[in-house]
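If you want the building blocks of each chain, they are given just below.
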Amino acid sequence: MKVIKNINNNTSICLDSNNQEVVAFGKGIGFIKPPYEIDISKVERTFYDVNPDFVQMINLIPDKVFELSVKIVNYAQQNIEKLTNSNIIFTLADHINFAIKRCEEKMVIDVPVYYDIQHLYPHEFAVGEYALKEIKKVMSIQLPKEEIIGIALHLINAKAIVSSYQKNEGNNDAIESITHIIESFFSITVERKSFNYSRFVSHIQYLLKRGSEGQYIMSDNQEMFQTLTSSFPSVYECAKQIDDYIFKKFNYTFNDEEILYLMLHINRLCAREDCYQWGLT
């Protein structure tokens, strides 16, 4: 295996025997200046098809939290179908790290959809319960039970995201306009260079690509859609303004499923800009 770029002392981007790019983890593999060949026995874990923006956030996440994410995702994949995207390990680690910080800062979270998620998504809810137990065991931190829903929603959302990473430069203006809609609606300023914004942009790119091809997400989330739109009308209204903009610019509109996932990402973006709508990220 050939190391082509080091992320930190224990993480590198490599090329495997088939010349495919892979993110590799192993103690001390990032000490030597690349490029160089590394003994495969020194590599403890590898991940393929990882969004490059997500790789850069590794240095922001404690090792214990990342290991927790790996363990939780492994558990989730045994109980939830179609949860195969390597990116979720990175995004869930970021999610858990943020949840721990909220807990340490004693942020109180109100989750009016707690029982709806428990009823509609029992498998994702069970993983959330498992995650809180593991976090307490490893980090000695007892997260509030509401964080079960945050993790469950993270898993629900992850299943809807395309696993491959694609840039569509032609949509840059549209993405910037969408960001302006959110900033204006909630009176916030979004940090364009943040990891969270990079993830938001990736989601919008996928959403625009699916819309242009008429390939929308289809699932059994209608009950959840009705619950969230009635509970959080401001987030729904912002999502509808974005939908109206998309229709005027591209002449297509989103179905309820796409609006639902857009609402989840608007909420996450707002939460990271200290504009808490649901407290669920």
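Please refer to the structure placed before this passage.
Residues numbered from 1 in each chain as written. Predicted model: local features only at pLDDT ≥ 70, side-chain atom pairs only at ≥ 80, totals over all residues. Heavy atoms only, no water.

Draft legend 1. Representation of the state of the cysteines within the structure. In this structure the tally under the stated criterion is zero disulfides. The structure places no disulfide on Cys238, whose sulfur is separated from the nearest cysteine sulfur, that of Cys270, by 6.7 Å. Note on Cys238: relative accessible area 0%, which makes it buried. (Disulfide = S-S within 2.5 Å. Buried < 20%, exposed > 50% of the residue type's maximum accessible area, 1.4 Å probe, protein only.)

Draft legend 2. Representation of the packing of helix α2 (residues 63–77) against helix α5 (residues 122–139) within the structure. Contact pair α2 / α5: the axes reach a minimum separation of 10 Å and the direction vectors enclose 150°. Of the possible angle classes, the one that applies to α2 and α5 is roughly antiparallel. For the pair α2 and α5, the sense of crossing is right-handed. Here Lys64, Val65, Leu68, Lys71, Ile72, Tyr75 and Ala76 of α2 lie close against α5, whose contacting residues are Val127, Tyr130, Ala131, Glu134, Ile135, Val138 and Met139. For the contact of α2 with α5, the residue count by class is eleven nonpolar, no polar and three charged. (Axes fitted to C-alpha atoms, helices over the stretch in contact; angles between N-to-C directions. Helix = DSSP H or I, 4+ residues; strand = E, 2+ residues; numbered from the N terminus. Parallel < 35°, antiparallel > 145°, perpendicular 65-115°, else oblique. Left-handed = near helix turned anticlockwise from the far one by under 90°. Contact = heavy atoms within 4.5 Å. Nonpolar A, V, L, I, M, F, W, Y, C, P; charged D, E, K, R; others polar.)

Draft legend 3. Main features of the side chain of Thr229. Checked against the element boundaries, Thr229 lands in helix α9 (residues 222–231). A polar contact is formed between the side chain of Thr229 and the backbone oxygen of Phe225, at a distance of 2.8 Å. Reaching out from Thr229, the side chain makes a polar contact with the backbone oxygen of Gln226 at a distance of 3.1 Å. (Polar contact = N/O pair within 3.5 Å; in protein donor to acceptor, adjacent residues only side chain to side chain.)

Draft legend 4. Representation of the pattern of salt bridges. According to the stated counting rule, one finds eight salt bridges in the structure shown. Residue Glu176 pairs with Arg192 through a salt bridge whose shortest N-O separation is 2.6 Å. Here the residue Glu176 occupies a position in helix α7 (residues 172–186), and Arg192 occupies one in the loop between α7 and α8 (195–213), the gap between them amounting to 16 residues. With relative accessibility at 27%, the residue Arg192 sits in the partly exposed group. Here the salt bridges share partners, and the residues they tie into one network are Lys71, Glu134 and Lys137. (Salt bridge = Lys/Arg side-chain N within 4 Å of Asp/Glu carboxyl O.)

Draft legend 5. Region of interest: the sheet that holds strand β1 (residues 2–8). As summarised here, the arrangement of the five strands in space is β4-β1-β2-β3-β5, forming an open sheet in which the pairing is antiparallel. Across the chains shown, the open sheet's two edge strands, defined by having one partner strand only, are β4 (36–37) and β5 (45–48). Sheet topology places β1 next to strand β2 (residues 11–15); five bridges connect them, and they run antiparallel. Paired with Val3 across the two strands is Cys14, which belongs to β2. (Pairing = 2+ DSSP bridges.)

Draft legend 6. Local environment of the packing of aromatic side chains. This model, assessed by the stated rule, comprises eleven aromatic pairs. Ring geometry for Phe25 against Phe47: centres 5.7 Å apart, planes inclined by 90°, an arrangement best described as edge-to-face. Of this pair, Phe25 sits in strand β3 (residues 21–25) while Phe47 sits in strand β5, and the two are 22 residues apart along the sequence. Exposure remark for Phe25: the relative accessible area of 10% places this residue in the buried category. On the basis of relative accessible area, Phe47 is assigned to the buried category, the value being 6%. Centre to centre, the rings of Phe47 and Phe66 are 6.3 Å apart; their planes meet at 85°, and the pair counts as edge-to-face. Residue Phe47 is found in strand β5, and its partner Phe66 is found in helix α2; the two are separated by 19 residues along the sequence. Assigned by exposure class, Phe47 and Phe66 land together as buried. Taken together, the aromatic side chains of Phe25, Phe47, Phe66 and Phe90 make up a single cluster linked through ring pairs. Positioned above the aromatic ring of Tyr197 is the side chain of Arg192, whose terminal nitrogen or guanidinium carbon lies 5.8 Å from the ring centre. (Phe/Tyr/Trp six-rings, centres within 6.5 Å; stacked < 30°, edge-to-face > 60°. Lys NZ or Arg CZ within 6 Å of the ring centre and 35° of its normal.)

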